[in-house]
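Here is how the chains run, residue by residue.
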Amino acid sequence: MRNVVEIGMGREARRMYGLGEVDIVPSRRTRSSKEVSTSWQIDAYRMDLPVMTHPTDAVVSPESAVEFSRLGGLAVLNGEGLWARHEDPEAAIDELREIALEDVTGHRAVARLQELHRAPIDRELLAAAVRRIRDEGATVAVRVSPQHARELTPGLIAAGIDLLVVQGTIISAEHVSGEDEPLNLKDFIHGLDVPVIAGGVVDYKTALHLMRTGAAGVIVGYGGVDGVTTTGSVLGMEVHMATAIADAAAARRDYLDETGGRYVHVLADGDIYTSGDIARAVACGADAVVLGPLLAGSLESPGRGVYWDAVSAHPKVPRGHVAEIDDETALSPLAEVLEGPTSAPDGTRNLMGGLRRAMAKCGYSDVKGFQKVDLSVRP
């Protein structure tokens, strides 16, 4: 039954829950964390870790994408970011870091980020970045917006991508625009030879519609993290991730029945601050999580502790700060962030160790099983 409350005469709203409002309930059975597998597979691509990166230049360069892939995750390069627009994106990122560390408001850094994104997309630069990842044997995933998917995708496929991510703040099965020809995602996906992950969505109906387009994975949320993302302030939209993930998981189940066995992966993007939140997201029904700020604290991240969302560079309505997440002196190797060992007791390091331990404490040996664990809601 939907949890509906009256907020005024004739106006109702649904009560929804964030990840911080739910907790995992241990079961009567436990197991060793060494017996737990966190692997998942989307289409033909198997990853040891249920983690995809947010497509931001602050975290993903060709080099960090290769390292992230080596460690077992799926890195997503921003196909409309600095690596696609500038010959020396590292210098541009260094400049952004300096501005962000000097400017408390972060407005100057956002303005500079917008300016850097006014440079046109150079398809040769983008293809070269893709080839650098592919030539190292890593799985290549690139993000494009719905507005530019049609024009950029042929060149990306020619360059050798393995997976395409079509991602906006909120996405629908058909992008409608009075300025451009609408993008019908179903027709678009069916014309491709590579699997597509699409998002973000926040409700059951939209998730089900995206699954029916042929998407191999659906992203829930839009990377919302306090202190960085400002979509709630700008658009009045906040995603209550526990409920949104559970709704998308319900759509996945119904679509599985509808198609007689086609499984679409649910990826949770937002409201994730610790390894405990990763465990909660999986427990709510996610097959994998999309991480940004938690990875920005790694030595391999181009931003070296400074982070921004992909939508922070929007030319007219930016929806995120360029913010310091970790002091440079506190940065850790990406391997430690993901797999430890660590001395940090706050769940921001050894993320997968925390997830495996949570699964083991509840007696589950894989991600799909852990999606059935009991949950409680905080009063």
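Definitions and limits used
- Residues numbered from 1 in each chain as written.
- Predicted model: local features only at pLDDT ≥ 70, side-chain atom pairs only at ≥ 80, totals over all residues.
- Heavy atoms only, no water.
- UniProt positions renumbered as here; feature names shortened; annotations may be inferred.
- Pairing = 2+ DSSP bridges.
- Helix = DSSP H or I, 4+ residues; strand = E, 2+ residues; numbered from the N terminus.
- Axes fitted to C-alpha atoms, helices over the stretch in contact; angles between N-to-C directions.
- Salt bridge = Lys/Arg side-chain N within 4 Å of Asp/Glu carboxyl O.
- Buried < 20%, exposed > 50% of the residue type's maximum accessible area, 1.4 Å probe, protein only.
- Phe/Tyr/Trp six-rings, centres within 6.5 Å; stacked < 30°, edge-to-face > 60°.
- Lys NZ or Arg CZ within 6 Å of the ring centre and 35° of its normal.
- 1 Å grid on protein atoms, 1.4 Å probe; cavity = no way out; pocket = protein on both sides within 12 Å on 5 of 7 lines; lining within 4 Å.
- Points joined across faces, edges and corners; volume = space filled by probe spheres on them.
- Nonpolar A, V, L, I, M, F, W, Y, C, P; charged D, E, K, R; others polar.
- Parallel < 35°, antiparallel > 145°, perpendicular 65-115°, else oblique.
- Left-handed = near helix turned anticlockwise from the far one by under 90°.
- Contact = heavy atoms within 4.5 Å.
- Disulfide = S-S within 2.5 Å.
- Core = buried A, V, L, I, M, F, W, Y, C linked by side-chain atoms within 4.5 Å.

Named according to an unreviewed UniProt entry, the protein chain is GuaB3 family IMP dehydrogenase-related protein originating from Dietzia natronolimnaea. If you open the UniProt record of the protein chain and go to Sequence similarities (unreviewed entry), you find "Belongs to the IMPDH/GMPR family."

The strand order across the open sheet built from eight strands is 6-15-14-13-12-9-8-7, with neighbouring strands paired in parallel fashion. For this open sheet the edge positions go to strand 6 (51-53) and strand 7 (76-78), each flanked by a neighbour on one side alone. Neighbour-to-neighbour, the strand axes of this sheet turn through a mean angle of 30°, independent of strand direction. Looking at chain direction, strand 8 (residues 141-144) and strand 9 (residues 163-167) are connected through four bridges and run parallel.

Let us look at the pattern of salt bridges. Considering all chains together, one arrives at 19 salt bridges under this definition. The salt bridge partner of D277 is R280, with a shortest N-O separation of 2.9 Å. Of the two residues, D277 and R280 are both situated in helix 10 (residues 275-284); the distance of three residues between them amounts to about one turn of the helix. A relative accessible area of 7% means that D277 is categorised as buried. A residue is classified by how much of its surface remains accessible, and R280, at 15% relative accessible area, is buried. Look at the salt bridges and you will find they share partners, linking D23, D277, R280 and R378 into a network.

Both the distance between ring centres and the angle between the ring planes are used here to describe each pair of aromatic rings. Under the criterion given, the structure shown has one aromatic pair. Ring geometry for Y364 versus F370: centroids 6.0 Å apart, planes at 65°, classification edge-to-face. It is K368 that lies over the ring of Y263; its NZ or CZ is 4.5 Å from the centre.

This part is about the layout of surface pockets. Looking at the second largest pocket, its volume works out to about 270 Å³. In terms of lining residues, the second largest pocket is bounded by 20 residues, among which G224, V225, D226, E238 and V239 are the most central. When residues of the lining of the second largest pocket are traced back to their parent elements, those giving at least two are strand 13 (217-224), helix 8 (231-235) and strand 14 (265-270). With four residues, the top contributor of residues to the lining of the second largest pocket is strand 13. Here the lining of the second largest pocket is built from residues that sort into five nonpolar, eleven polar and four charged.

Right, let's get into the packing of helix 2 (residues 89-102) against helix 3 (residues 107-116). Interaxial distance between helix 2 and helix 3 falls to 8 Å at its minimum, and their mutual angle equals 160°. Considering their axes alone, helix 2 and helix 3 lie roughly antiparallel with respect to each other. Of the two elements, helix 2 crosses helix 3, and the hand of that crossing is right-handed. Contacts between helix 2 and helix 3 involve A92, E95, L96, I99, A100 and E102 from the former and R108, A109, R112, L113 and L116 from the latter. Residue composition of the contact of helix 2 with helix 3, by class: seven nonpolar, no polar and four charged.

Turning our attention to the state of the cysteines. In protein chemistry, a disulfide is the covalent bond that joins the sulfur atoms of two cysteines. Under the defined criterion, the tally for this structure stands at zero disulfides. Cysteine C284 is unpaired, with the sulfur of C362 as its nearest cysteine sulfur at 13 Å. Judged by relative accessible area, which is 4%, C362 ranks as buried.

Membership of the largest hydrophobic core comes to 102 residues, with the highest contact counts inside it found for L156, L164, F188, I245, L291 and F370. With seven residues, the single largest contributor to this core is helix 9 (residues 241-259). Not counting residues up to four positions away in its chain, the partners in contact with F188 are A149, R150, T153, L164, V166 and L183. Core analysis: the second largest hydrophobic core is formed by 15 residues, I42, V76, I197 and I219 among them.

Moving on, we get to helix 3. All of the buried residues in helix 3 are A109, V110, R112, L113, Q114 and L116. Contacts made by the buried residues of helix 3 are with helix 2.

As defined by bridge partners, strand 1 (residues 4-8) adjoins strand 2 (residues 11-14) across four bridges and the pair is classed as antiparallel. Bridge pairing links E6 to E12 in strand 2.

Before going further, it helps to examine helix 1 (residues 62-70). Turning to helix 1, its buried residues are P62, S64, A65, E67 and F68. Buried residues along helix 1 sit in contact with strand 6, strand 7, helix 4 (123-134), helix 11 (293-296) and helix 12 (334-339). Backbone geometry just downstream of helix 1 places G72 in the positive-phi region, at approximately 115°.

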